[in-house]
Amino acid sequence: MSSTTVFAVEGMSCGHCERTVSTQLSALPGVTAVTADAKAGRVSVAGQIDEDLVRAAVDEAGFTLTGRI
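The model shown is predicted, which means the values in this text are computed figures rather than measured ones. (Residues numbered from 1 in each chain as written. Predicted model: local features only at pLDDT ≥ 70, side-chain atom pairs only at ≥ 80, totals over all residues. Heavy atoms only, no water.)

Caption draft 1: Inspection of the pattern of salt bridges at higher detail. Going through the model one piece at a time under the given rule, you end up with one salt bridge. Taking the shortest distance from any N to any O, the salt bridge between Arg68 and Glu51 comes out at 2.8 Å. Taken together, the positions of Arg68 in strand 4 (residues 64-68) and Glu51 in helix 2 (residues 51-60) put the pair 17 residues apart, joining distant regions of the chain. Judged by its relative accessible area of 55%, Arg68 is exposed. Accessibility expressed as a relative area gives 26% for Glu51, which makes it partly exposed. (Salt bridge = Lys/Arg side-chain N within 4 Å of Asp/Glu carboxyl O. Helix = DSSP H or I, 4+ residues; strand = E, 2+ residues; numbered from the N terminus. Buried < 20%, exposed > 50% of the residue type's maximum accessible area, 1.4 Å probe, protein only.)

As structure tokens, this is what we get:
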């Protein structure tokens, strides 16, 4: 079963940041859609996800996942 999870992400400040996070997360297995919102400091990830992989991908992109919203 697929679901959407919203995470708080620190450090995003612009459209480039949103695209960077979205690209990293979209490459993860099981992810079907990603919507990043720099202004709100959050990213929505749809699909069957592994939260540890999401955290690692956000870190790899240069940002900090601070938890679920």
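From this point, things continue past the structure.
Caption draft 2: Representation of the nonpolar core in the model. Judged by nonpolar contacts, the single largest core of 19 residues is most densely connected at Met12, Val21, Leu25, Val43, Val54, Val58 and Phe63. At the level of secondary structure, the elements contributing two or more residues to this core comprise strand 1 (3-10), helix 1 (15-26), strand 2 (31-37), strand 3 (42-47) and helix 2. If sequence neighbours within four positions are ignored, Leu25 has contacts with Val31, Val34, Val43, Val45, Val54, Ala57 and Val58. (Core = buried A, V, L, I, M, F, W, Y, C linked by side-chain atoms within 4.5 Å. Contact = heavy atoms within 4.5 Å.)

Worth remembering: the numbers are spatial, not functional.
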